[in-house]
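# A look at the structure
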Amino acid sequence: MQPRKPKLGQNFLVDDNARHRIADALGDVSQRTVLEIGPGHGAITTILAERAKRLVCIELDRSLAPELRFKFRNHPNVEIVEGDVLQTDLTALVPEGEKGLLIGNLPYYITSDILLHMFTHEAALELAVVMMQREVADRVAAEPGSRDFGLLGATAQMHARANSLFTLPPQAFAPPPDVYSTVLRLAFAPRFDELGIADRKGFDRFLKLCFQQKRKTLSNNLRAAGYTPAQIADACAAAGIESSTRAEALPLDRFAELFRAL
Ligand SMILES: C[S@@+](CC[C@H](N)C(=O)[O-])C[C@H]1O[C@@H](n2cnc3c(N)ncnc32)[C@H](O)[C@@H]1O
């Protein structure tokens, strides 16, 4: 039998110690706007409602949103937005001139999409504390050259410094998921300017090409993308890279050199 997939990735946190550790990881929020993705029944929300200057929660489930509104009706600092986080303008929820903090035990079926969405709003955000499937967290925080380093890690690390905080077993949730879960701290710190990249979208597309087929060398992936052998050889020489290198072995500054050279 297939394991049951809960609706909308709804594995609710039931470990009291863990929900406090996650909320604590945001630090002092008394003067801050906090955005929570997927508050569910309010495991983390309940703690932050007492601490944050302003807490905006985005929940897609049409029955959970009214439940939360009722639960926090005496908290004027808490706002419940019913909707899909991927369609939500996160920047618009943070007052101008402020940097928001983001928190969430993410719905695992759209973790990567949520991370990419967060990055498009990074100018309005300072820090995120987000829980995700352990394997995905390992990929986000992986060092170049390690087995887990790939497109997700390279993309994430262009936008943020990632630290793994702690890992929870399935029993911390109801219903228990099939996987372990890791809490990551992401400090938004885009590296595009530092690495001399003006065309951010172009660079994102370039990273995708480089990691197109994990087992192929970088030069084979670039050839498959339409670059000529001579172009690739020249660019690799300019960037000081062996053309037989695989993308997962390259640090981000080498990708940037190669991008500029091509
Ligand atoms: C893993 S549960 C976490 C719930 C709660 N924060 C907790 O820790 O117990 C994920 C939550 O995200 C909500 N959700 C799923 N997809 C969503 C989306 N696209 N936008 C906003 N919330 C979503 C689910 O309804 C659920 O409440």
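Residues numbered from 1 in each chain as written. Predicted model: local features only at pLDDT ≥ 70, side-chain atom pairs only at ≥ 80, totals over all residues. Heavy atoms only, no water.

As a further point, take the nonpolar core. L13, I22, L26, V34 and L48 are the most contacted members of the largest nonpolar core, which has 32 residues in total. Apart from the residues lying within four places of it in its own chain, the contact partners of V34 are L26, V29, L48, A52, R54, L55, V56, L101 and I103. One finds I37, L93, L102 and L115 within the second-largest nonpolar core, a separate group that totals 29 residues. (Core = buried A, V, L, I, M, F, W, Y, C linked by side-chain atoms within 4.5 Å. Buried < 20%, exposed > 50% of the residue type's maximum accessible area, 1.4 Å probe, protein only. Contact = heavy atoms within 4.5 Å.)

Along strand β9 (residues 181-188), 7 of the 8 residues are buried, which leaves the element largely enclosed by surrounding structure. Of the strand pairs in this sheet, strand β6 (residues 125-133) and β9 are connected by 7 bridges, and their pairing is antiparallel. The residue of β9 that forms the bridge with V129 is R185. Of the strand pairs in this sheet, strand β7 (residues 160-168) and β9 are connected by 8 bridges, and their pairing is antiparallel. Each bridged residue has a counterpart across the sheet, and for A160 the counterpart in β9 is F188. (Helix = DSSP H or I, 4+ residues; strand = E, 2+ residues; numbered from the N terminus. Pairing = 2+ DSSP bridges.)

Taking the UniProt record as the reference, the feature "domain: Ribosomal RNA adenine methylase transferase N-terminal" (unreviewed entry) is found at residues 18-190. As annotated, residues 18-190 has a helix share of 27% and a strand share of 29%, and its two end C-alpha atoms lie 29 Å apart. (UniProt positions renumbered as here; feature names shortened; annotations may be inferred.)

Within the sequence span of helix α3 (residues 64-71), burial applies to L64, A65 and L68. Buried residues of α3, seen end-on, are gathered within an arc of 100° and therefore sit on one face of the element. Where α3 is buried, its residues touch β1 (12-13), β3 (54-59) and β4 (78-82). (Arc of directions from axis to C-beta.)

Looking now at the packing of aromatic side chains. Under the criterion given, the structure shown has 7 aromatic pairs. Taking 6.2 Å as the distance between ring centres and 35° as the angle between the ring planes, the aromatic pair formed by F203 and F206 counts as tilted. Residue F203 and its partner F206 are located together in helix α7 (residues 200-210), separated by 3 residues, close to a single helical turn. For F206, a relative accessible area of 3% translates into the label buried. Aromatic side chains F211 and F255 sit 5.5 Å apart centroid to centroid with 40° between the ring planes, which places their arrangement in the tilted category. In this pair, F211 sits in the loop between α7 and α8 (218-224) while F255 sits in helix α10 (residues 252-261), placing the two residues 44 residues apart along the sequence. An aromatic cluster of three or more residues is present, and its members are F192, F203, F206 and F259. Positioned above the aromatic ring of F166, the side-chain terminus of R21 is 3.9 Å from the ring centre. Here R134 stacks its cationic end above the ring of Y180, 4.5 Å away from the centre of that ring. (Phe/Tyr/Trp six-rings, centres within 6.5 Å; stacked < 30°, edge-to-face > 60°. Lys NZ or Arg CZ within 6 Å of the ring centre and 35° of its normal.)

Now for the site of the ligand. Taken together, 24 residues form the shell around the ligand, and within it Q10, L13, G38, E59 and D84 come nearest. Taking G38, its main chain carries an N or O atom lying 2.8 Å from a nitrogen atom of the ligand. Here V85 contributes a backbone N or O atom positioned 2.9 Å from a nitrogen atom of the ligand. Notes on the ligand: free accessible area 590 Å², of which the protein chains cover 99%. Taking a 2 Å distance to the grid points as the criterion, the majority of the atoms of the ligand fall inside the second largest pocket. Residue assignment for the shell around the ligand shows that the elements contributing at least two residues are β1 and β3. Residue composition of the shell around the ligand, by class: 13 nonpolar, 7 polar and 4 charged. (Near = heavy atom within 4 Å. Polar contact = N/O pair within 3.5 Å; in protein donor to acceptor, adjacent residues only side chain to side chain. Areas by Shrake-Rupley, 256 points an atom, 1.4 Å probe, with all protein chains shown as cover. 1 Å grid on protein atoms, 1.4 Å probe; cavity = no way out; pocket = protein on both sides within 12 Å on 5 of 7 lines; lining within 4 Å. Sits in = over half its atoms within 2 Å of the grid points. Nonpolar A, V, L, I, M, F, W, Y, C, P; charged D, E, K, R; others polar.)

Glancing now at the packing of helix α4 (residues 111-120) against helix α6 (residues 151-159). For any two helices packed against each other, one specifies the inter-axial angle together with the distance between the axes. Their axes nearest at 10 Å, the elements α4 and α6 cross at an angle of 25°. It follows from the interaxial angle that α4 and α6 lie roughly parallel. Like other packed secondary-structure pairs, α4 and α6 cross with a definite hand, here left-handed. Taking contact as the criterion, the partners of S112, L115, L116 and F119 in α4 are, on α6, L152, T155, A156 and H159. Across the contact of α4 with α6, the residue classes break down as 5 nonpolar, 3 polar and no charged. (Axes fitted to C-alpha atoms, helices over the stretch in contact; angles between N-to-C directions. Parallel < 35°, antiparallel > 145°, perpendicular 65-115°, else oblique. Left-handed = near helix turned anticlockwise from the far one by under 90°.)

Before going further, it helps to spend a moment on the UniProt feature "binding site: S-adenosyl-L-methionine" (unreviewed entry) in the chain. As recorded in UniProt, the sites labelled "binding site: S-adenosyl-L-methionine" (unreviewed entry) are N11, L13, G38, E59, D84 and N105. Taken from the residues named earlier, the lining of the largest cavity is made up of N11 and N105. Mapped onto the fold, G38 is located in the loop between β2 (33-37) and α2 (45-49). Excluding anything up to four places from it in sequence, G38 contacts I58, E59 and N105.

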